Every structure is written in structure tokens, then in C-alpha cells.
Amino acid sequence: MIVERLALERRVLASLEAGRIPVVLGGCGTGRTSLLLRVERALGTDHAQYVDFAAAATTPERCLAAVLQASRFTDAPAPAPPTPRAAFDALLRYVDQPSSQGAPVALLIDEVLDVRTFESFPGLRHVQREMVARLAETPTRIVLTSRFTARTHRLLRDAPARFEVIHIPALTAAEVQAMARLFDGGRREWADDAAPAIATLSGGRASYVALLLDALSAMGPAIDPVAALAALFAPGGRLTARCRESYELRLHRARGYGALKAILGVLAQDEPRNLTEIALALHRTPGSTKDYLSWLEDVDLITSRGKRYSFEDPLLRLYVRLYGRPTPPSDDDVVREIGAYAREHLPGAHEFEVPVAASVEAAAGSDRSSGIIEID
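Residues numbered from 1 in each chain as written. Predicted model: local features only at pLDDT ≥ 70, side-chain atom pairs only at ≥ 80, totals over all residues. Heavy atoms only, no water.

Trainee: Any chance you could explain the overall build of the protein chain here in plain terms?
Mentor: Looking only at helices and strands, one finds 18 helices and 10 strands in the protein chain. Taking the contacts inside the protein chain whose residues are at least 6 apart along the sequence as the reference set, 72% of them involve residues at least 24 apart. Total accessible area on the protein chain stands at roughly 17,000 Å², and carbon and sulfur atoms take up 52% of it. (Helix = DSSP H or I, 4+ residues; strand = E, 2+ residues; numbered from the N terminus. Contact = heavy atoms within 4.5 Å. Areas by Shrake-Rupley, 256 points an atom, 1.4 Å probe, with all protein chains shown as cover.)

Here it is, written out as C-alpha cells:
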């Protein structure tokens, strides 16, 4: 359940109509998958096919078989290729072939950079560059997405001009209002009151917004976004699980897992920090620390502004502050950290302060009883 982002959808469709390949970039939970599914509906399922490449990319042979089986635009599965190289070549040929009644269709490929999975197979060391070169020439209309912004920019640095990068912007307060009206019977004053605070506390990330709205709608007449955020960040909370998923996924896609966790712990305590400060905190040389930082930037966990490093996602930093420790946080820990976060990001946050135990327990009870809304 997510508000339609019509301006973003129109931009993707206009890019397609102009013969370009829109490449939609956004972090975990920003709504890339929802966008592709809405574009598929807009184009019609007779003229578009959504492909979850993150799920399909196992071995080249099995990936090819899965894509062909799911395709609405192939008559019969082809014979199994004899090698991984042959399977990848067949997958590229498939991209050129889909049509509906002789007219080219659109392939909407989610998480396209997962083609990197194939690099461990013989003869497929440069599959990403090969794929980009082939897509640039295909007559098929293509939309791509990725959660890895830095890697995608690097891959497309020398790519043909046909690729058009589109970054998913943060949800505005008006868009959060529209989402809020889908909850609690669409009570307008509830949506108007809650939307600005939720847009700020969530950083405008669609999945965070949906979880906060769901928790608030289950809390009754009280409009307390800070209490809802505290409940969602409790051990076992849905926002805790969401942040853990993003944190682990990105770390496992990067090099130097343990050292990278240490750097994130350092930045969780105090940010922004420069290279020298981080190296001293890690007891490592500036040279090795610079490598670690570049690996974190490669998976968009941190960003650098003016040679000072900080988290890309402020709620992920809050997650590390609470859960980057050997023991789970107490209710007091959660409310203390949530309160500090709210005061930093939300003017007038003191208006939402309530007694610690009552706030977390009441909101957590509401959170456990409410349904899960999956976005992305």
C-alpha cells in the first residue's frame, strides 16, 4: 500500500517513449519494485513483463530457465545450454526477442546488478559490461532498477547515452499525507497532523513511512509519531527487522565485513568524521581505513561530504546505535535514543514526549496486532 508517485511514473514512461533506458536507483525500501509493478500495469501485461532478477540470478542455466518459464512472450522453453557461457548468451538473446503480436514489449528488470552473481562462472568475468553493451543495442524497451547507486554509476560511466539514470526522491509531506489517508478510514485530520512529522522522522523512505503510518493508525486517537517510532525499533519491532535486512544485505555485498561493521559503529556514535578520526578510532592506518571507507561507499552505506563521512540512511544509524552491541536494548535505551533522534530531526519533538514505559508498551502492543505492509 503506497501512494502513486505519478510524476516519477510519468518520467519513466517518457524515457521509454523517447527510446531511452531508464535506470531507477534507490536504497532499500524506497519503492523501486512498486514503481516497476505500477509501470507494468500502466503499459498493460500484454506489452510489459516484470522480472525480479535478484530472485532469478542463481546459475546462468537456471536463471535462463526461470526467465523463459515466467515469460509471457515465449512459446516454448529452449533446450538447456551446455555451458554457463552459452546460457548467458541465450539470456542476452532473449532480451532482444520478446514481442506481443509483432510489437516490441517492455522488460522491467528489478535489481539488474545481480547479474554480477554470474562472474564466478567460467568465461563470465565481465558479464556486467557485456550486459550493458547488449542492452544499449536491443530493440526491446527496457527499464532497470538497482539498490546500489554507487556501483550503478560506476558501471554506466562510459555507457552509451541511451541510459537515463533516475533517482527515487524522498517522499514529500504531501505524498505522506496521501499515504496516511489510506489508513484509519481515511480520516483527513489524522493524515494532515501526522504527515509532516513522519516525512521527517522516516527520511521520506517509503517502507519506513508505511510502517510508521500502520503503527500510528493502530494506536488510537493519540498522534504520537515518536512513540510509534520507539515501538517499531524495539527488539522484534518491524522497523528493527527492516533495518537489519538492509544492514546485513549491504555488508555482505561488500568486502571486509568485520572492519566495516567497526566503522559503522564508530560513525553511529558520532558523525560526520574525517578519515584521520576514523583511523584513530579503529587503530588502523589511514591507508587501510580509506579502503574500508571506499567499500562502504560502494554499497551506499555511507556518504562523504567535504571529506567527512556519515551514514546514508539516518534510521540505519539509529539501528546500529541500538543493536550494534552484545545485548538487546532495554525499553529505556530505545526511548532515550528515539528521543535524541527526534529532537535532532524534528522541531518541536518535545510535544510528542510521553512516559517511557507506557509509550513503548502501548505502541508495541498495537504494532504486534497490526498487519504488515510490504513495500519495495
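Trainee: What is the right way to look at the pattern of salt bridges in this model?
Mentor: Pairs can form between side chains of opposite charge once their charged atoms are near each other. Under the defined criterion, the tally for this structure stands at 25 salt bridges. One salt bridge connects arginine 32 with glutamate 111, and the closest N-O pair in it is separated by 2.6 Å. Of this pair, arginine 32 sits in helix 2 (residues 32-43) while glutamate 111 is found in the loop between strand 5 (106-110) and helix 6 (127-137), placing the two residues 79 residues apart along the sequence. Owing to a relative accessible area of 3%, glutamate 111 belongs among the buried residues under this scheme. (Salt bridge = Lys/Arg side-chain N within 4 Å of Asp/Glu carboxyl O. Buried < 20%, exposed > 50% of the residue type's maximum accessible area, 1.4 Å probe, protein only.)

Trainee: Explanation requested: the pairing of strand 6 (residues 141-146) in the structure shown.
Mentor: Remark: a regular strand shows side chains that alternate across the two faces of the sheet. With 5 of its 6 residues buried, strand 6 lies for the most part within the structure. Examined bridge by bridge, strand 1 (residues 21-25) and strand 6 share 3 bridges and lie parallel to one another. Looking at the pairing, leucine 25 lines up with serine 146 of strand 6. Between strand 5 and its parallel partner strand 6, the chain crosses via helix 6, and the hand of that crossover is right-handed. (Pairing = 2+ DSSP bridges. Right-handed = clockwise from strand over helix to strand, strands pointing away.)

Trainee: When you look at the packing of helix 5 (residues 84-96) against helix 6 in this model, what are you seeing that I'm missing?
Mentor: Between two packed helices, both the angle of their axes relative to each other and the distance between the axes serve to describe the pair. It is the contact of helix 5 with helix 6, at a shortest axis distance of 10 Å, that shows an interaxial angle of 25 degrees. Put simply, helix 5 runs roughly parallel to helix 6. The two elements helix 5 and helix 6 cross, and the hand of that crossing is right-handed. Counting all contacts with helix 5, which are made through Arg85, Phe88, Leu92, Arg93, Val95 and Asp96, the residues of helix 6 involved are Val127, Glu130, Met131, Arg134 and Leu135. The class makeup of the residues in the contact of helix 5 with helix 6 is 6 nonpolar, no polar and 5 charged. (Axes fitted to C-alpha atoms, helices over the stretch in contact; angles between N-to-C directions. Parallel < 35°, antiparallel > 145°, perpendicular 65-115°, else oblique. Left-handed = near helix turned anticlockwise from the far one by under 90°. Nonpolar A, V, L, I, M, F, W, Y, C, P; charged D, E, K, R; others polar.)

Trainee: Is there a simple way to explain the environment of arginine 62 in this structure?
Mentor: Within the fold, arginine 62 resides in helix 4 (residues 60-70). On the basis of relative accessibility, which here comes to 61%, the residue arginine 62 falls in the exposed class. For arginine 62 and alanine 87, which are 25 residues apart along the polypeptide, the C-alpha to C-alpha distance reads 8.6 Å.

Trainee: I keep staring at the sheet that holds strand 8 (residues 273-274) and nothing clicks. Help me out?
Mentor: Strands belonging to one sheet form pairs held by backbone hydrogen bonds; the direction of such a pair is parallel or antiparallel. An order of 8-10-9 is seen for the 3 strands of this open sheet, with the pairing classed as antiparallel. Where the open sheet ends on each side, the last strands, each with one partner, are strand 8 and strand 9 (302-305). As paired strands, strand 9 and strand 10 (residues 308-311) are joined by 4 bridges and run antiparallel to one another. When the bridges of strand 10 are listed, threonine 303 appears paired with serine 310.

Trainee: What exactly am I supposed to notice about the sheet that holds strand 1 here?
Mentor: With parallel pairing, 5 strands are arranged side by side in an open sheet as 2-5-6-1-7. Strands with a single pairing partner mark the edges of an open sheet, and in this sheet they are strand 2 (48-52) and strand 7 (163-167). Strand-to-strand twist in this sheet, taken as the mean axis angle between neighbours without regard to direction, amounts to 20 degrees.

Trainee: Looking at this model, I keep getting lost on the side chain of glutamate 9. Mind explaining?
Mentor: With respect to the helices, strands and loops of the structure, glutamate 9 is situated in helix 1 (residues 6-17). Leaving out residues up to four positions away in the same chain, glutamate 9 has contacts with Glu4, Leu35 and Arg38.

Trainee: Which parts of the structure should I look at to understand the state of the cysteines?
Mentor: The term disulfide refers to a covalent linkage connecting the sulfur atoms of a pair of cysteines. Within this structure, the stated rule accounts for 0 disulfides. Cysteine 243 forms no disulfide, and the closest cysteine sulfur to it belongs to cysteine 28, at a distance of 9.8 Å. (Disulfide = S-S within 2.5 Å.)

Trainee: Would you explain the nonpolar core in this entry?
Mentor: Burial of nonpolar side chains together is a common tendency in soluble globular proteins. The biggest cluster of nonpolar side chains holds 98 residues, and the ones touching the most others in it are Phe118, Leu144, Phe163, Leu229, Phe233 and Leu239. Contacts of phenylalanine 233, omitting those with residues within four sequence positions, involve Leu239, Thr240, Cys243, Leu315, Leu318, Tyr319, Leu322, Tyr323, Val334 and Ile338. With 15 residues, the next largest nonpolar core counts Val12, Leu36, Ala48 and Ile166 among its residues. (Core = buried A, V, L, I, M, F, W, Y, C linked by side-chain atoms within 4.5 Å.)

Trainee: Explanation requested: the environment of glycine 19 in the structure shown.
Mentor: Structurally, glycine 19 can be placed in the loop between helix 1 and strand 1. The class for glycine 19 is partly exposed, based on a relative accessible area of 37%. In the structure, glycine 19 is positioned 144 residues away from phenylalanine 163 in sequence and 9.5 Å away in space, judged by C-alpha atoms.

Trainee: Would you mind showing me how to read the packing of helix 14 (residues 275-282) against helix 15 (residues 286-298) here?
Mentor: Running from N to C, helix 14 and helix 15 point in directions that differ by 105 degrees, and their axes come no closer than 9 Å. The angle between helix 14 and helix 15 falls in the class roughly perpendicular. Residues Leu275, Ile278, Ala279 and Leu282 of helix 14 touch helix 15, and the partners they reach there are Pro286, Thr289, Lys290, Tyr292 and Leu293. For the contact of helix 14 with helix 15, the class distribution of residues is 7 nonpolar, 1 polar and 1 charged.

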